[in-house]
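Residue strings, one per chain:
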Amino acid sequence: MVDYSKWKNIEISDDEDETHPNIDTPSLFRWRHQARVERMAESEKEKEDMKAKRQSYQARLMDVKERISKKDGDEAALKKELDKIENEGKDLDRQENELLKKDKKTPWNVDTISKPGFEKTVINKRAGRKPDENLSEEEREQHLKQFVKDNEKLCKEYGMLRKYDASKRFLQSNLHLVCEETANYLVIWSINLEMEEKHELMAHVAHQCICMQYILELAKQLDVDPRACVSSFFQKIEHCGVEYRQQFESEIEGFKGRIQKRAQEKIQEAVAQAEEEERQENMGPGGLHPADVFETLPDELKACFESRDIELLQKTIATMPVDEAKYHMKRCVDSGLWVPNEGEAPFKDDKGDEASGSKTDEKKQEEKEQKTTSPSAKKSEEKEKEEPIYTGVSTEDVD
């Protein structure tokens, strides 16, 4: 059988009674409500006091029992105190039972008739930024190369867009591009375009690169995932004030200046490297460069080499001191200006080119052919073919 008796004693709302016309109804309702709130507060206070007494009783009881077990103090006095505390516990049990009976008899009201079974609050929050991975420089470079290999076409497509709406829609459709790797690729692509003297295209890609960097910077300031900032940035840049627009344009101009400077440095480095490679190719068998040795020769020896007159060279050597002649001729041999036992082709010009064909040329040609046909050379050529568009620039160029 279901007990419905608890529903017979429910305190109606404070403002539902019909009152006499001569009674100030609002005041009556206010007094009723205040009295009910005071009764509820008093009941809660009694429960809190009972809870505090129970905690105090438990603490004292445990303390006395522990002291008795450790024989800390007079055992008879401790047992007497234990009996006293246990009697207090019985009294507390009686008071709790009376409080429960009183609470049961208290009529329900609008505040106590029902309670929520469970309560949960969910607040939507943007995902936080991913922490930077602890990668070495080599791992970062390898990660960038893999990203470019997988997404180079999409990165180029984004870099060629011109309208903010189109850029916004494209990034929202390809959210994985909203990352540092895309910004790095655009920087490297801009440098390569400047080195190729494609200045207008470089300026356009630089604009798209700055847009990406602004999105990433906004994500850092808000400490959220960059993908959540795409819409916010484009909305802001399209409806921004004059000051924000000037700052944005200034950042683009500064970025283009840095790109131009880095491109010039890369060109100079490439020219210097080519000159050094050419110089190494023209080195003599003793590790000296013909041009360097030629500049240090006495004027009479220079004249012999310039005129390519072997008889004059022999006469000039004969007139020089032995030590000096040995010194200069050894340097000429080490640089390749003079080739022993090669009577038909004893000279090279000041640039290191031989006057006529010799065995040295044939030997170099054979070595070159062997190098070209060797497995390592083939692997090197295949590797060069596989290199992506940014081969000429490394991640060190990222500003």
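What you are looking at is a predicted structure, and each value in this text was computed from that prediction instead of being measured.

J.: Please clarify how the overall build of the protein chain should be interpreted in this entry.
T.: In terms of helices and strands, the protein chain carries 14 helices and 0 strands. In the protein chain, the succession of helices and strands from N to C terminus is α-α-α-α-α-α-α-α-α-α-α-α-α-α. Per-residue burial for the protein chain yields a buried fraction of 29% across its 399 residues. Only carbon and sulfur atoms are counted for the fraction: they give 49% of the accessible area of the protein chain, which is about 28300 Å².

J.: Sorry, what's going on with the confidence of the model for the protein chain here?
T.: The predicted coordinates should not be examined in detail at positions where pLDDT is low. Averaged over every residue, the pLDDT of the protein chain is 77; the share at 70 or more is 76%. Confidence over residues 342-399 falls short of pLDDT 50; this stretch has 76 contacts with residues more than four positions distant or in other chains.

J.: I would appreciate a short explanation of the packing of aromatic side chains in the present structure.
T.: For any pair of aromatic rings, the description consists of the separation of the ring centres together with the inter-plane angle of the planes. Under the definition given, this model contains 7 aromatic pairs. On the basis of an interplanar angle of 80° and a centroid distance of 5.1 Å, the ring pair of tyrosine 214 and phenylalanine 248 is categorised as edge-to-face. Note that tyrosine 214 is positioned in helix α6 (residues 199-222) and phenylalanine 248 in helix α8 (residues 242-281), a separation of 34 residues in sequence. Side by side, tyrosine 214 and phenylalanine 248 carry an identical accessibility label, which is buried.

J.: Explain helix α4 (residues 164-173) here, please?
T.: Structurally, the α-helix is built with 3.6 residues per turn, so residues lying three or four positions apart point the same way. The complete set of buried residues in α4 reads Tyr164, Ser167, Phe170 and Leu171. The arc that holds every buried residue of α4, seen down its axis, measures 130°, which confines them to one face. Projecting away from the buried face of α4 at angles above 90 degrees are the exposed residues Arg169 and Ser173. Where α4 is buried, its residues meet α3 (137-159), α6, α7 (230-238) and α8.

J.: I keep staring at the pattern of salt bridges and nothing clicks. Help me out?
T.: Pairs may arise between side chains of opposite charge once their charged atoms sit close together. On inspection of all chains with the given rule, the structure shows 21 salt bridges. A salt bridge links lysine 45 to aspartate 49, with the nearest nitrogen and oxygen atoms 3.3 Å apart. On the criterion of helical spacing, the pair formed by lysine 45 and aspartate 49 is a turn pair, its members being 4 residues apart in helix α1 (residues 25-70). Relative accessible area serves as the criterion here: at 36%, aspartate 49 is assigned to the partly exposed category. Across the pair glutamate 265 and arginine 262 runs a salt bridge, and its minimum N-O distance is 3.0 Å. With glutamate 265 and arginine 262 both in helix α8, this residue pair falls 3 residues apart, about one helical turn.

J.: Is there a simple way to think about the packing of α4 against α6 in this case?
T.: If you want to describe how two helices pack, look at the angle between their axes and the distance between the axes. Relative orientation of the contacting elements α4 and α6 amounts to 55°, with a least axis distance of 12 Å. Classed by the angle they form, the pair α4 and α6 counts as oblique. Classified by chirality, the crossing of α6 by α4 is right-handed. In this structure, α4 contributes Tyr164, Ser167 and Leu171 to the contact, and α6 contributes His207, Gln208, Cys211, Met212 and Ile215. Here the contact of α4 with α6 is composed, by residue class, of 5 nonpolar, 3 polar and no charged.

J.: Got a minute to help me understand the environment of valine 148 in this structure?
T.: By the secondary structure assignment, valine 148 is in helix α3. Placed 37 residues apart in sequence, valine 148 and tyrosine 185 show a C-alpha to C-alpha distance of 7.3 Å.

J.: What should I look at first to understand unusual backbone geometry in this one?
T.: The phi angle of most residues is negative, glycine excepted, and most peptide bonds adopt the trans form. Positioned with a positive phi, glutamate 197 is a non-glycine residue whose angle comes to about 65°. Turning to its location among the elements, glutamate 197 is positioned in the loop between α5 (180-195) and α6. The phi torsion at aspartate 223 lies on the positive side, around 55°, for a residue other than glycine.

J.: Is there a simple way to think about a negative patch on the surface in this case?
T.: A cluster of acidic residues, Glu275, Glu276, Glu277, Glu278 and Glu281, forms a negative patch on the protein surface. Looking at where glutamate 277 falls in the secondary structure, it is placed in helix α8.

What counts and how
- Residues numbered from 1 in each chain as written.
- Predicted model: local features only at pLDDT ≥ 70, side-chain atom pairs only at ≥ 80, totals over all residues.
- Heavy atoms only, no water.
- Helix = DSSP H or I, 4+ residues; strand = E, 2+ residues; numbered from the N terminus.
- Buried < 20%, exposed > 50% of the residue type's maximum accessible area, 1.4 Å probe, protein only.
- Areas by Shrake-Rupley, 256 points an atom, 1.4 Å probe, with all protein chains shown as cover.
- pLDDT = per-residue confidence, 0-100.
- Contact = heavy atoms within 4.5 Å.
- Phe/Tyr/Trp six-rings, centres within 6.5 Å; stacked < 30°, edge-to-face > 60°.
- Arc of directions from axis to C-beta.
- Salt bridge = Lys/Arg side-chain N within 4 Å of Asp/Glu carboxyl O.
- Axes fitted to C-alpha atoms, helices over the stretch in contact; angles between N-to-C directions.
- Parallel < 35°, antiparallel > 145°, perpendicular 65-115°, else oblique.
- Left-handed = near helix turned anticlockwise from the far one by under 90°.
- Nonpolar A, V, L, I, M, F, W, Y, C, P; charged D, E, K, R; others polar.
- Patch = residues over 30% accessible without salt bridge, like charges linked within 9 Å, V, L, I, M, F, W, Y side chains within 5 Å.
- Lys, Arg positive; Asp, Glu negative; His and termini not counted.
- Charge placed at Lys NZ, Arg CZ, Asp CG, Glu CD.

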